[in-house]
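These are the residues of each chain, in order.
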Amino acid sequence: MSPTRTMAQLPSARGAPVVGNTLRWLRRPLDTPVQAHRTHGDVFRYDIFFQRPVVFAHPDAIGRILTDPDGDLSTARGWEPFFGRLMKGGLLLRDHDDHRSHRSLMRGAFSSSALQGYLDVMTPRIEARIDAWIDRGEVVLLPEVQRLLLELAGVSLLGVEAPDELDRLIRAFEAIARGVMGLVGVPLPGTALARGLRARADLSRFLKERIAARRKAPGPDLTSQLCSATDEHGAVLTDEEIVDHVIFLWMAAHDTTTGSAVMAAYELARHREWQDRLREEALGLPDRLDVQTSAQATQAGWVIHETLRLYPPIGSIPRRTLRQTTIADVVLPADTPLRAAILLLHRHPEVWTDPERFDPERFAEPRQEHRRHRHAFRPFGTGAHACLGMRLAQLQLHAMLHHLMRHARLRLPDDYVLKLSPAPSLRPADGLPLRLQRVPR
Ligand code: HEM
């Protein structure tokens, strides 16, 4: 047996007194953890947001954490400090048998036919919005994509089409999202958390009316799918549970996909040769992609993967130990906070060649660097809590890139320098000013 280490023997990235690495990370969300990894190796303690989690960066340890074969870890207790009060009842706030039974009830809402239904209502909206950006010639991309994806979620999750209803929903959702990001963890009057909880109560009333209507007359939206879901014992979801899941899904879907779309546009704008390759590929495929034809956009798939590798929207996956357990060579007592550092995994020099470089062909034959280790590439996690919306996210990203590349050339302002903001997921701090020039046809 290989020797083990205790927590006290681990190297520690302490950072500044009291705040630890928090401010440094907020200013430099890529360099700060990458530097800590270079200095301290694959396992270290990292002071951030008044916690000292143990960070794991090696693919073996990350695989062990995410698959958690003996049920030693709690996902719910890992995520609670981030969004416990506002996202209660969501899948990441459930563990083990309780989680398994809810996840199995939700699976049907992500079947190929359900996904095609969502795509049918989303794609025309994506195309219309991108056409409007191209007509304007210049956009700040992040707020545009944010708004578009909020609308798409309203339409596909809830079947809400009316602009005033969509606006009301989006405002409530934004207040909840600000509450999740708020720094004060107690709902004192005037805090983002208090406003978020009020918005959640409003949204929940609205959703319950919607659920009652959907139980009588189902549509192609995800809420209808959840209303009719049954497990193998005939159990169904209550209205309250559907509300919890829909709010959580909206949260899980929104910032992750927004960040990925914007960072993909940034990398494409920097790499004109990849725009040309994707344009040629897109012009050889139908005007509009579906669940099947999306898989034929192979090079766009590599670009999406490379973006998710370099800028994983969930760069660090939290867990907490339920009992004493050993991961890698470290003995962890019960109740220890952990992080599976996806950002560091995706830039691990033992796995990736020239990891800092944007190089989508690393995903192509014969290189296939993501196959160098079973857990080399985990933007969507793995194991019991693997992302339920992975295919939906990829379909949305494909739909956006497909239309964008067929119709526009992207350019960054001269001398543009990217500054990243870390939360809720990696994104350009200035929202990414972008020039779009229509491709003559
Ligand atoms: C690029 C976009 C996305 C990325 C990178 C992403 C990433 C992830 C990751 C890493 C996890 C695992 C977290 C953990 O193990 O603690 C996760 C879970 C989850 N994601 Fe996503 N996600 C994305 C989009 C979506 C979308 C569009 C939806 C739904 C519409 C969604 C729904 C979920 C749900 C429900 C879970 C929890 C699953 C469970 O606990 O069983 N995600 N996501």
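Colleague: Just give me the short version of the coordination of the iron atom of the ligand, but keep the residues and values in it.
Modeller: The protein supplies the iron atom of the ligand with one donor atom, Cys387 (SG), which lies at 2.3 Å. As for its placement among the helices and strands, cysteine 387 is situated in the loop between helix H14 (342–345) and helix H15 (390–407).

Colleague: Before we move on, can you summarise a nonpolar patch on the surface with the specific residues and values?
Modeller: Where nonpolar side chains cluster on the molecular surface, the patch consists of Leu23, Leu26 and Phe49 and spans about 250 Å² of accessible area. By the element assignment, leucine 23 lies in helix H1 (residues 22–27). For leucine 23, a relative accessible area of 44% translates into the label partly exposed.

Colleague: With reference to specific residues and values, describe the pattern of salt bridges.
Modeller: Counting across every chain of the model gives 42 salt bridges. We note a salt bridge from aspartate 97 to arginine 100, for which the minimum N-O separation is 2.4 Å. Highlighted residues: aspartate 97 and arginine 100, both in helix H5 (residues 96–106), separated by three residues, approximately one helical turn. Summarising the burial analysis for this pair, aspartate 97 and arginine 100 share the class exposed. In this structure, the salt-bridge partner of lysine 208 is glutamate 240, at a minimum N-O distance of 2.7 Å. Highlighted residues: lysine 208 in helix H9 (residues 192–216) and glutamate 240 in helix H11 (residues 239–270), separated in sequence by 32 residues. You can call lysine 208 partly exposed: its relative accessible area is 29%.

Colleague: Before we move on, can you summarise the side chain of arginine 309 with the specific residues and values?
Modeller: Along the chain, arginine 309 turns up in helix H13 (residues 298–310). Owing to a relative accessible area of 0%, arginine 309 belongs among the buried residues under this scheme. A distance of 2.8 Å separates a polar atom in the side chain of arginine 309 from the backbone oxygen of proline 355. Excluding anything up to four places from it in sequence, arginine 309 contacts His346, Arg347, Trp352, Pro355, Arg357, Arg362, Phe363 and Phe377.

Colleague: Can you break down the site of the ligand residue by residue, with the values?
Modeller: In the vicinity of the ligand, 29 residues are found, and the nearest of them are His99, Arg103, Arg319, His385 and Cys387. One of the side-chain N or O atoms of arginine 103 is found 2.7 Å from an oxygen atom in the ligand. Separating an oxygen atom of the ligand from a side-chain N or O atom of histidine 385 is a distance of 2.6 Å. Looking at which element gives the most residues to the shell around the ligand, the answer is H11, with seven residues. Broken down by class, the residue content of the shell around the ligand amounts to 20 nonpolar, seven polar and two charged.

Colleague: Run through the nonpolar core, naming residues and quoting values.
Modeller: With 111 residues, the main nonpolar core has Met87, Leu141, Leu410 and Leu434 as its most contacted residues. It is H11 that contributes the most residues to this core, 16 residues altogether. Leu10, Val43, Val54 and Ile342 belong to the second-largest nonpolar core, a separate cluster that totals 18 residues.

Colleague: Describe the pairing of strand S10 (residues 408–411), listing the residues and the values that go with them.
Modeller: Judged by which residues are buried, S10 turns out to be one-sided: Ala408 and Leu410 face inward and are buried, whereas Arg409 and Arg411, on the alternate face, are not. Bridging between S10 and strand S13 (residues 433–438) involves four bridges; their strand directions are antiparallel. If you follow alanine 408 over to S13, its bridge partner there is arginine 438.

Colleague: Account for the sheet that holds strand S5 (residues 138–140), naming residues and giving values.
Modeller: With respect to topology, three strands assemble into an open sheet ordered S5-S13-S10, the strand pairing being antiparallel. Of all strands in the sheet, those with a lone pairing partner are S5 and S10, marking the two edges. When the angles between neighbouring strand axes are averaged without regard to direction, this sheet yields 30 degrees. Across three bridges, S5 lies against S13 in antiparallel orientation. Residue glutamate 138 lies in a different strand from S13, and its bridge partner there is arginine 435.

Colleague: Summarise the side chain of aspartate 68; cite the residues concerned and give the values.
Modeller: You can see aspartate 68 is positioned in the loop between helix H3 (59–67) and strand S4 (73–74). Within the structure, the side chain of aspartate 68 is placed 2.9 Å from the backbone nitrogen of aspartate 72, a separation counted as a polar contact. Once residues lying within four places of it in the same chain are set aside, the contact partners of aspartate 68 are Gly63, Leu73 and His96.

Colleague: Would you mind going over unusual backbone geometry in detail, with residue names and values included?
Modeller: A cis amide bond links glutamate 365 with the next residue in sequence, proline 366, at an omega value of -5 degrees. Within the secondary structure, proline 366 sits in the loop between H14 and H15. At aspartate 68, a residue that is not glycine, the phi angle is positive and equals roughly 40 degrees. With a phi close to 60 degrees, aspartate 415 is a non-glycine residue in the positive phi region. Topologically, aspartate 415 is positioned in the loop between S10 and strand S11 (420–421).

Colleague: Could you give an account of the packing of H11 against H13, with specific residues and numbers?
Modeller: Close contact between H11 and H13 brings their axes to 9 Å; oriented N to C, the two are set at 110 degrees. Compared by their axis directions, H11 and H13 come out roughly perpendicular. Contact with H11, carried on its side by Ser260, Met263, Ala264, Glu267 and Leu268, involves Val303, Thr307, Leu308 and Leu310 of H13 and no other residues of that element. Tallied by class, residues from the contact of H11 with H13 come to six nonpolar, two polar and one charged.

Calculation criteria
- Residues numbered from 1 in each chain as written.
- Predicted model: local features only at pLDDT ≥ 70, side-chain atom pairs only at ≥ 80, totals over all residues.
- Heavy atoms only, no water.
- Donors = N, O, S within 2.8 Å, 3.2 Å for Na, K, Ca; no water.
- Helix = DSSP H or I, 4+ residues; strand = E, 2+ residues; numbered from the N terminus.
- Patch = residues over 30% accessible without salt bridge, like charges linked within 9 Å, V, L, I, M, F, W, Y side chains within 5 Å.
- Areas by Shrake-Rupley, 256 points an atom, 1.4 Å probe, with all protein chains shown as cover.
- Salt bridge = Lys/Arg side-chain N within 4 Å of Asp/Glu carboxyl O.
- Buried < 20%, exposed > 50% of the residue type's maximum accessible area, 1.4 Å probe, protein only.
- Polar contact = N/O pair within 3.5 Å; in protein donor to acceptor, adjacent residues only side chain to side chain.
- Contact = heavy atoms within 4.5 Å.
- Near = heavy atom within 4 Å.
- Nonpolar A, V, L, I, M, F, W, Y, C, P; charged D, E, K, R; others polar.
- Core = buried A, V, L, I, M, F, W, Y, C linked by side-chain atoms within 4.5 Å.
- Pairing = 2+ DSSP bridges.
- Axes fitted to C-alpha atoms, helices over the stretch in contact; angles between N-to-C directions.
- Parallel < 35°, antiparallel > 145°, perpendicular 65-115°, else oblique.

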